[in-house]
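Take a look at the letters that make up each chain.
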Number of protein chains: 2
Amino acid sequence: MKHVTIKDVAKKLNVSISTVSRAFNDKYDINEETKKLILKTAKELGYRPNPIARKLSQQRSFNIGIVVPEFSTNFFPEVMLGAQQILHEKGYQVLIMQSNYSWEIERKNVETLVDNMVDGLIVSLTSEIDNNEYYTSLLKSDIPIVFFNRAVDEIKASKVLFDDYKWALFATEHLIVQGYNDIVHLTGTINLTLTKNRQRGFEDAHKKHKRPVGKIISCGFKMEDGERIAQKMIDNNTIPRAIFAANDSCAIGAMTVFKKHGYQIPNDIAIVGFTESSLAKHTAPSLTSVEQPTHDIGQTAAKLLLDQINNKGIFVPQTIILNGRLNIRESSVIIK
Amino acid sequence: MKHVTIKDVAKKLNVSISTVSRAFNDKYDINEETKKLILKTAKELGYRPNPIARKLSQQRSFNIGIVVPEFSTNFFPEVMLGAQQILHEKGYQVLIMQSNYSWEIERKNVETLVDNMVDGLIVSLTSEIDNNEYYTSLLKSDIPIVFFNRAVDEIKASKVLFDDYKWALFATEHLIVQGYNDIVHLTGTINLTLTKNRQRGFEDAHKKHKRPVGKIISCGFKMEDGERIAQKMIDNNTIPRAIFAANDSCAIGAMTVFKKHGYQIPNDIAIVGFTESSLAKHTAPSLTSVEQPTHDIGQTAAKLLLDQINNKGIFVPQTIILNGRLNIRESSVIIK
DNA sequence: TTGTAAGCGTTATCAT
DNA sequence: ATGATAACGCTTACAA
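Values in this document were obtained by computation on a predicted structure and should not be read as measured data.

The rules behind each value
Residues numbered from 1 in each chain as written. Chains lettered and ligands numbered in written order. Predicted model: local features only at pLDDT ≥ 70, side-chain atom pairs only at ≥ 80, totals over all residues. Heavy atoms only, no water. Helix = DSSP H or I, 4+ residues; strand = E, 2+ residues; numbered from the N terminus. Rg over C-alpha atoms; globule rule 2.2 N^0.38 Å. Buried < 20%, exposed > 50% of the residue type's maximum accessible area, 1.4 Å probe, protein only. Contact = heavy atoms within 4.5 Å. Areas by Shrake-Rupley, 256 points an atom, 1.4 Å probe, with all protein chains shown as cover. Phe/Tyr/Trp six-rings, centres within 6.5 Å; stacked < 30°, edge-to-face > 60°. Lys NZ or Arg CZ within 6 Å of the ring centre and 35° of its normal. Near = heavy atom within 4 Å. Polar contact = N/O pair within 3.5 Å; in protein donor to acceptor, adjacent residues only side chain to side chain. Nonpolar A, V, L, I, M, F, W, Y, C, P; charged D, E, K, R; others polar. Least-squares fit on C-alpha atoms with pLDDT ≥ 70 in both. Buried area = accessible area lost by both parts, 1.4 Å probe. Salt bridge = Lys/Arg side-chain N within 4 Å of Asp/Glu carboxyl O. UniProt positions renumbered as here; feature names shortened; annotations may be inferred. Axes fitted to C-alpha atoms, helices over the stretch in contact; angles between N-to-C directions. Parallel < 35°, antiparallel > 145°, perpendicular 65-115°, else oblique. Core = buried A, V, L, I, M, F, W, Y, C linked by side-chain atoms within 4.5 Å. Pairing = 2+ DSSP bridges. Arc of directions from axis to C-beta. Domains from an automatic or database assignment.

### Some thoughts on the overall build of chain A
Alright, step 1. When its secondary structure is counted, chain A shows twelve helices and twelve strands.
Alright, step 2. What you see for chain A is a C-alpha radius of gyration of 26 Å, clearly larger than the 20 Å of a compact globule of 336 residues, by over 25%.
Alright, step 3. Every one of the 336 residues in chain A was classed for burial, and the buried ones make up 55%.
Alright, step 4. In chain A, of all internal contacts separated by at least 6 residues, the share reaching a separation of at least 24 is 72%.
Alright, step 5. If you sum the accessible surface of chain A, you get close to 15200 Å²; carbon and sulfur atoms cover 50% of it.

Below, the structure written as structure tokens:
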């Protein structure tokens, strides 16, 4: 037995398909009695409106697409959870796709979602180059998009961002205040605005405290990146007094290698991470890190998107910058 | 300007829409020249076939839906990555939905995906009760489904599972061989087959070695669960010599609490986890854990699903059980 | 090899 | 308040 359609319901009740359709779409005048009857029979027959047909006809889907680079840290999953919560409330379903840090896959994902007529997109870019044109043209064709976490200035769309500069500055300042000098910054993936902002924060913290700016090493966001850099430092005997890493994974990778080689954290090397991961509390020593309001980011992005969907004509892109928190833990504080 | 359609392309070239359609569907006879011309013009016009219309017409989508409980550990993301790889190769797009451990959301997710005419589903159940009937009727209506990780015997579908019993037995055995007695098992969420199997493995390991079976405490899969139980043990002064936890999160939660109270791991309490998480290597001490072949699970599930899609009539459900590995680390081995 | 036209399951505009 | 009917964009017999 195949899908039950509107026709089957209509036939069963000897009414027209329009009447059945109306029973399922509150916006039309319809006799309360017949409506009730129709809904009842529809249920009995196991009829559910086919959203594909509906999409084709109305050109909208009540689906929202979320595209993220990956799920390997809990940052993105938490953001998605926040977004999902708001969207479910409003009757939207959420379709998630991961680009696995490939711009090609990201593009394919977005295309799939658009082709499937999602009503809007929430996107965290995999890279910030090459895609400007694509997203701009997408926005031109009136597809609501909200970017978060990673975004490009040139793309005129709503964005939910984190004040990476400020919190990188705070985090670095924390290390300076603890009395460490010779602080090294391990940057994230280059070409990302957030990488640049965190780096700038690192630099300005030094300037603010009238210190020479510490060394900056291009590292990356993965654990292996941190491990690699730490190993190199050990090999070259260029171990700094403290490290401010661009994210927790990198920080933890480095910490693990240092510990393996007998260095004490923080007594020999202090470490601070970024983007609070669930690991931070549980490493030994526990890791000082900047916490991002993941849930809030997701909720805000969802709200902005719904705004945009509901006010297509008269909508002005806005950028919301959310606040974070520095969680100070053992990895950066020497107990005397 | 709205979407470019097949009509626009047809008009531009003064051919019929069927010809354009054929140019995009290799299976028909069509003049090579016209085909090339059509594809070229289509590209110039920015035409992409509308998958919604295609779905409605062919009743299939080349989309696969994956439904998982959550993304908070890296187990599910890794499985999805494996599945995605196979599916992308075969030209399928992957739509992911998370049920956040709610059977209601899970059901909605599955319905959304089905309504959107995915060609098949890969599902890890949120719960193993109440859903039997639903999935069975879904399978009856000929929708290919492969379950993984969490499945119900009663549902006759293909499954990709892990030999939880065997590896729980090995893990427990490892603790026994290390010389610990008074081993406690913290179980996962009740009502899951995998929970029962791990528990059975724990028990049988004791029997095999002619030991009295250790205490079994119902715990849960979250870090907080482990923390809660550990705290309770401390409060009640019922601290065992070793713990075999149903997963890493729980194990790490417990470990953290014990450490905070000054207990040495493994010298005071040895701990073994399950389902290798990325954290296991990086906790201090590093955590002994059973590693599941996540990537392989995803790939296998995808392959089974494709099989099923391509052989709808003559298909026999099969269950594949994959092998794991016990990674022995510091948390369970006392160095003398 | 190509065109014509019916059909996929809805919604929405007209009539009635 | 309800019914016919033309869209929506595509595939696919059947004709030509």
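### Points about the packing of aromatic side chains
Alright, step 1. According to the stated counting rule, one finds 29 aromatic pairs over all chains in the structure shown.
Alright, step 2. An angle of 85 degrees between the planes, with centres 5.2 Å apart, marks the rings of Tyr-135 of chain A and Phe-147 of chain A as edge-to-face. Of this pair, Tyr-135 of chain A sits in helix α7 (residues 132-140) while Phe-147 of chain A is found in strand β4 (residues 145-148), placing the two residues twelve residues apart along the sequence. The pair formed by Tyr-135 of chain A and Phe-147 of chain A is uniform in burial state, with each residue classed as buried.
Alright, step 3. Taken together, a centroid distance of 5.0 Å and an interplanar angle of 80 degrees make the contact between Phe-75 of chain B and Phe-76 of chain B edge-to-face.
Alright, step 4. Using a relative accessible area of 7% as the deciding quantity, one classes Phe-75 of chain B as buried.
Alright, step 5. According to the relative accessible area criterion, Phe-76 of chain B is buried, its value standing at 3%.
Alright, step 6. Put simply, the rings of Phe-162, Trp-167, Phe-170, Phe-202, Phe-244 and Phe-274 of chain A pair up and form one aromatic cluster.
Alright, step 7. If you follow Arg-60 of chain A out to its NZ or CZ, it ends over the ring of Phe-62 of chain A, 4.3 Å from the centre.

### Remarks on the protein's contact with DNA strand C
Alright, step 1. With respect to spatial proximity, 31 residues lie near DNA strand C, and among them Ser-21 and Ser-57 of chain A together with Ser-18, Thr-19 and Arg-22 of chain B are the closest.
Alright, step 2. In DNA strand C, atoms within 4 Å of the protein come from the sugar-phosphate backbone in 65% of cases.
Alright, step 3. One of the backbone nitrogen or oxygen atoms of Ile-6 of chain A is found 2.8 Å away from a phosphate oxygen of DNA strand C.
Alright, step 4. Elements with a contribution of two residues or more to the surface near DNA strand C: α1 (6-13), α2 (17-24) and α4 (51-58) of chain A together with α2 (17-24) and α4 (51-58) of chain B.
Alright, step 5. Across the surface near DNA strand C, the residue classes break down as nine nonpolar, 15 polar and seven charged.

### Observations regarding the side chain of Asp-164 of chain B
Alright, step 1. Mapped onto the elements of the fold, Asp-164 of chain B is located in helix α8 (residues 164-177).
Alright, step 2. Setting aside its immediate chain neighbours within four residues, Asp-164 of chain B contacts Leu-194, Asn-197, Arg-198 and Phe-274 of chain B.

### Observations regarding the relation of the copies chain B and chain A
Note on the chain copies: they are related by a rotation about an axis and a translation along it.
Alright, step 1. Of the two same-sequence chains, chain B is brought onto chain A (RMSD 0.2 Å, axial shift 0.0 Å) by a rotation of 180 degrees. Such a combination of turn and shift is consistent with a two-fold rotation axis.

### Focus: the protein's contact with DNA strand D
Alright, step 1. Residues in contact with DNA strand D amount to 31 residues; listed here are only the nearest, Thr-19 and Arg-22 of chain A together with Ile-6, Ser-21 and Ser-57 of chain B.
Alright, step 2. Taking the atoms of DNA strand D that fall within 4 Å of the protein, sugar and phosphate contribute 67% of them.
Alright, step 3. Within the contact set of DNA strand D, a phosphate oxygen lies 3.1 Å away from a side-chain nitrogen or oxygen of Thr-34 of chain A.
Alright, step 4. One nitrogen or oxygen atom from the main chain of Asn-50 of chain B is found 3.0 Å from a phosphate oxygen belonging to DNA strand D.
Alright, step 5. Residue assignment for the surface near DNA strand D shows that the elements contributing at least two residues are α2 and α4 of chain A together with α1 (6-13), α2 and α4 of chain B.
Alright, step 6. Grouping the amino acids of the surface near DNA strand D by side-chain chemistry returns nine nonpolar, 15 polar and seven charged.

### Topic: the interface of chain B and chain A
Alright, step 1. Listed by partner, the interface residues are 42 residues for chain B and 42 residues for chain A.
Alright, step 2. For the pair chain B and chain A, the summed buried area comes to about 3900 Å², and 58% of that belongs to carbon and sulfur atoms.
Alright, step 3. Among the residues chain B hides against chain A, the three largest losses belong to Ile-52, Asp-115 and His-282 of chain B. Together they make up 18% of the total.
Alright, step 4. At the boundary of chain B with chain A, the tally comes to two salt bridges.
Alright, step 5. One salt bridge in this structure joins Arg-48 of chain A and Asp-115 of chain B, with 2.7 Å as the shortest N-O distance.
Alright, step 6. Here chain B is connected to chain A by eleven residue pairs in polar contact (both at pLDDT 80 or more).
Alright, step 7. If you list the elements that add at least two residues to the side of chain B that touches chain A, you get α4, α5 (75-89), β2 (93-98), α6 (103-115), α10 (223-236) and α11 (248-260) of chain B.
Alright, step 8. The biggest single contributor to the side of chain B that touches chain A is α6 of chain B, with seven residues.
Alright, step 9. Class assignment for the residues of the side of chain B that touches chain A results in 19 nonpolar, 15 polar and eight charged.

### Things to note about the UniProt feature "domain: HTH lacI-type" (unreviewed entry) in chain A
Alright, step 1. As recorded in UniProt, the sites labelled "domain: HTH lacI-type" (unreviewed entry) are residues 4-58 of chain A.
Alright, step 2. Structurally, residues 4-58 of chain A comprises 69% helix and 0% strand, and the distance from its first C-alpha atom to its last is 20 Å.

### Description of the packing of α2 of chain A against helix α3 (residues 32-45) of chain A
All names here are of chain A.
Alright, step 1. At a minimum axis distance of 9 Å, the contact between α2 and α3 shows a crossing angle of 90 degrees. By the criterion of interaxial angle, the relationship of α2 to α3 is roughly perpendicular. Here Thr-19, Val-20, Ala-23 and Phe-24 of α2 come into contact with α3, specifically with Lys-35, Ile-38, Leu-39 and Ala-42.
Alright, step 2. Class assignment of the residues belonging to the contact of α2 with α3 gives a composition of six nonpolar, one polar and one charged.

### So, the nonpolar core
Alright, step 1. Leu-87, Ile-122 and Phe-148 of chain A together with Leu-87, Ile-122 and Phe-148 of chain B are the most contacted members of the largest nonpolar core, which totals 52 residues.
Alright, step 2. With residues near it in sequence (within four places) discarded, Ile-122 of chain A still touches Ile-64, Gly-65, Ile-66, Val-67, Ala-83, Leu-87, Val-146, Phe-148, Ala-301, Ala-302 and Leu-305 of chain A.
Alright, step 3. Ile-243 of chain A together with Leu-186, Ile-271 and Ala-280 of chain B belong to the second largest nonpolar core, which has 48 residues in total.

### Let's talk about the sheet that holds strand β9 (residues 270-274) of chain B
Residue and element names in this part refer to chain B.
Alright, step 1. Taken together, six strands build an open sheet; the order of strands is β7-β6-β8-β9-β10-β12 and the sheet is mixed. Of all the strands in the sheet, just β7 (216-218) and β12 (325-327) have a single pairing partner and so form its edges. Taken over all neighbouring pairs, the strand axes of this sheet differ in orientation by 20 degrees on average, direction set aside.
Alright, step 2. Relative to β7, strand β6 (residues 183-187) runs parallel, the two sharing three bridges. Across the sheet, Leu-186 pairs through a bridge with Ile-217, a residue of β7.

### Comments concerning helix α7 (residues 132-140) of chain B
Residue and element names in this part refer to chain B.
Alright, step 1. Taken as a whole, α7 has its buried residues at Tyr-134, Tyr-135, Leu-138 and Leu-139. One side of α7 carries all its buried residues, which in axial view fall inside an arc of 130 degrees. For α7, exposure combined with an orientation more than 90 degrees from the buried face picks out Glu-133 and Lys-140.
Alright, step 2. In this structure, the buried residues of α7 make contact with α6, β3 (120-123) and β4 (145-148).
Alright, step 3. Following α7 by one or two positions, Asp-142 adopts a phi angle in the positive range, close to 75 degrees.

### Digging into the domain arrangement of chain A
Alright, step 1. Once the domains are mapped, chain A shows domain 1 (6-49), domain 2 (61-162 + 294-323) and domain 3 (164-292 + 326-332).
Alright, step 2. In this structure, domain 1 of chain A and domain 2 of chain A have C-alpha centres spaced 36 Å apart.

### Observations regarding the side chain of Ser-289 of chain B
Residues and elements named next belong to chain B.
Alright, step 1. For Ser-289, the location among the structural elements is in strand β10 (residues 288-291).
Alright, step 2. Under the relative-accessibility criterion, Ser-289 is labelled buried at 0%.
Alright, step 3. There is a polar contact of 2.7 Å between the side chain of Ser-289 and the side chain of Asp-248.
Alright, step 4. Excluding residues that lie within four positions of it along the chain, Ser-289 makes contacts with Asp-248, Gly-273, Phe-274, Thr-275, Glu-276, Arg-325, Leu-326 and Asn-327.

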